[in-house]
Amino acid sequence: GEDVEQSLFLSVREGDSSVINCTYTDSSSTYLYWYKQEPGAGLQLLTYIFSNMDMKQDQRLTVLLNKKDKHLSLRIADTQTGDSAIYFCAESIYTGKLIFGQGTTLQVKP
Amino acid sequence: DGGITQSPKYLFRKEGQNVTLSCEQNLNHDAMYWYRQDPGQGLRLIYYSQIVNDFQKGDIAEGYSVSREKKESFPLTVTSAQKNPTAFYLCASSGGLANEQFFGPGTRLTVL
């Protein structure tokens, strides 16, 4: 069945770049998404990428997609303490549903 | 302001009681979703609705029920049959070109 996997934890220093990785299994996914969740809050859509693209850049965020390896990454440039949160990767499947990974907790040290 | 609202933010109930969580959206989206999130875990889909008066079970529907009588509203009832209802519940809707889902702020349900 469909599955999305992420590493659980990443720690970086303020000002460094963060790279959060994700692998997915459904090769027919049309879109892949990155969401951010702060403590006690809902999920905030950060960005998404269409499956026929390799890269998408949006200010400090860069998404890279390797469709052959079914690998997605989110790079946050100049990481700030306000970027500390849980980041979820998700893929869309043919029914319109999204399959979410377990989330990566990003810790930013001052 | 367009968005999704969930109420209440915190909810406490005694074991054996049914409880209904509210979800309203003014984004004019056709599809709406309910997820459950447990500590340290991802999101699990409970129910979803792609159009008014129609809904489908997700991966963990047992012990839950929903209705979709209006486009704007998708309430979730947690019944006494749900064995472990204490969790954070998230509602979402979608209708954009990329089928992206937008989330409400969540309801934290604690069963005492």
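As shown above, the structure is provided for reference.
Note that the structure is predicted; figures quoted are calculated from it, not measured. (Residues numbered from 1 in each chain as written. Chains lettered and ligands numbered in written order. Predicted model: local features only at pLDDT ≥ 70, side-chain atom pairs only at ≥ 80, totals over all residues. Heavy atoms only, no water.)

Engineer: So what about the overall build of chain B? Which residues, and what values?
Structural biologist: Looking only at helices and strands, chain B features 0 helices and 11 strands. Traced from its N-terminal end to its C-terminal end, chain B shows the element sequence β-β-β-β-β-β-β-β-β-β-β. Here the C-alpha atoms of chain B give a radius of gyration of 13 Å, agreeing with the 13 Å that 2.2 N^0.38 yields for 112 residues. The dimensions of chain B, computed from C-alpha atoms along their principal axes, are 40 × 25 × 25 Å. Within chain B, buried positions represent 48% of all 112 residues. (Helix = DSSP H or I, 4+ residues; strand = E, 2+ residues; numbered from the N terminus. Rg over C-alpha atoms; globule rule 2.2 N^0.38 Å. Buried < 20%, exposed > 50% of the residue type's maximum accessible area, 1.4 Å probe, protein only.)

Engineer: An account of the interface of chain B and chain A is requested, with residue identities and associated values reported.
Structural biologist: Listed per partner, the contact involves 21 residues of chain B and 18 residues of chain A. Summed over both sides, the interface of chain B with chain A buries roughly 1500 Å², with 55% coming from carbon and sulfur. The tally of links between chain B and chain A comes to 0 salt bridges. Mapped by element, the contributors of at least two residues to the side of chain B that touches chain A are β4 (31-37), β5 (43-51), β9 (87-94) and β10 (101-103) of chain B. Ranked by residues supplied to the side of chain B that touches chain A, first place goes to β5 of chain B with 4 residues. Here the residues of the side of chain B that touches chain A are counted per class, giving 12 nonpolar, 7 polar and 2 charged. (Contact = heavy atoms within 4.5 Å. Buried area = accessible area lost by both parts, 1.4 Å probe. Salt bridge = Lys/Arg side-chain N within 4 Å of Asp/Glu carboxyl O. Nonpolar A, V, L, I, M, F, W, Y, C, P; charged D, E, K, R; others polar.)

Engineer: Could you give an account of the nonpolar core, with specific residues and numbers?
Structural biologist: W34, L72, L74 and Y87 of chain A are the most contacted members of the largest nonpolar core, which totals 21 residues. When residues of this core are traced back to their parent elements, those giving at least two are β3 (18-24), β4 (31-37), β7 (61-66), β8 (71-76), β9 (85-92) and β11 (104-109) of chain A. Ignoring anything within four residues of it in the chain, the contact list for Y87 of chain A reads Q6, I20, Y35, K36, L46, L74, I76, G103, T104 and L106 of chain A. In this structure, I4, W34, Y47 and L76 of chain B belong to the second largest nonpolar core, which totals 20 residues. (Core = buried A, V, L, I, M, F, W, Y, C linked by side-chain atoms within 4.5 Å.)

Engineer: So what about the sheet that holds β8 of chain A? Which residues, and what values?
Structural biologist: All names here are of chain A. The antiparallel open sheet is built from 5 strands, whose spatial order is β1-β3-β8-β7-β6. Strands at the two margins of the open sheet, each flanked by one partner only, are β1 (4-6) and β6 (55-58). For this sheet, the mean angle separating the axes of adjacent strands, direction not counted, is 15 degrees. Here 6 bridges tie β7 to β8, and the two strands are oriented antiparallel to one another. Paired with L65 across the two strands is L72, which belongs to β8. (Pairing = 2+ DSSP bridges. Axes fitted to C-alpha atoms, helices over the stretch in contact; angles between N-to-C directions.)

Keep in mind these values describe shape, not function.
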